[in-house]
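Breakdown of the fold
Listed below, chain by chain, are the residues.
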Amino acid sequence: ILNYYYLSKVVIIGFDEAEYTVMESAAFVTVTAAVLDGDNIIQRQIRVMLSTAVLPTDTATATTDFTPLTTELVLDQNNLTALVNIGIINDVFLEDPSETFTLNLVRSPLDSPDNMVVLSPDTATVIIQDNDLVTVQFTQPEYTVGEAD
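Residues numbered from 1 in each chain as written. Predicted model: local features only at pLDDT ≥ 70, side-chain atom pairs only at ≥ 80, totals over all residues. Heavy atoms only, no water.

Strand order across the open sheet formed by four strands is β6-β3-β1-β8, with mixed pairing between neighbours. Among the strands making up the open sheet, the edge pair consists of β6 (81–87) and β8 (117–119). Ignoring which end each strand starts from, the neighbouring axes of this sheet average 20° apart. Sheet analysis places strand β3 (residues 28–37) next to β6, joined by seven bridges and oriented antiparallel. Following the sheet pairing, Thr 32 is matched in β6 by Leu 83. (Pairing = 2+ DSSP bridges. Helix = DSSP H or I, 4+ residues; strand = E, 2+ residues; numbered from the N terminus. Axes fitted to C-alpha atoms, helices over the stretch in contact; angles between N-to-C directions.)

Structure (structure tokens):
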């Protein structure tokens, strides 16, 4: 019973998607952090930080493939969702068909310690689809050459 009472007083904030996919030619990707549960018990502003990161398993490069970002999101009873645009850099390099980077949510140091908040899911992945793919095409289905050629 104590656990149920505790969980019923918690606000859950997280990303609305586990993965966001964007074309490299797009100017930005829009990601969403939202109150996923507990919206009926929010009594004051809740502050969380959203930041980009490149983990060892990620393949994108900050400042080459995307614009690094750290920003504070403020959620309350009237604003249960926060949309954030992260800049995507359209380069001219032939790369892997897709590259990834990570998004993180953490409690803001400015958030009230009285807020009972759980961040879940607190990470998401952005997948950048490369648009610099090269296509090789033959002009005819068959070619014949002599041995001396």
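So, next bit.
One pass over the structure, following the stated rule, counts two aromatic pairs. Taken together, a centroid distance of 3.7 Å and an interplanar angle of 10° make the contact between Phe 66 and Phe 101 stacked. Of this pair, Phe 66 sits in the loop between β4 (46–53) and β5 (70–75) while Phe 101 sits in strand β7 (residues 98–107), and the two are 35 residues apart along the sequence. In terms of burial, Phe 66 and Phe 101 fall into one category: buried. (Phe/Tyr/Trp six-rings, centres within 6.5 Å; stacked < 30°, edge-to-face > 60°. Buried < 20%, exposed > 50% of the residue type's maximum accessible area, 1.4 Å probe, protein only.)

Let us look at the nonpolar core. Core analysis: the largest hydrophobic core is formed by 29 residues, its most contacted members being Ile 13, Phe 101 and Leu 103. The dominant element in this core, judged by the number of residues it contributes, is β3, at four residues. The contact partners of Ile 13, leaving out residues within four places of it in the chain, are Ala 34, Val 35, Leu 36, Ile 46, Val 48, Leu 75, Val 117, Val 118, Leu 119, Ser 120 and Pro 121. (Core = buried A, V, L, I, M, F, W, Y, C linked by side-chain atoms within 4.5 Å. Contact = heavy atoms within 4.5 Å.)

Spatial relationships are all this shows, so hold off on functional conclusions.
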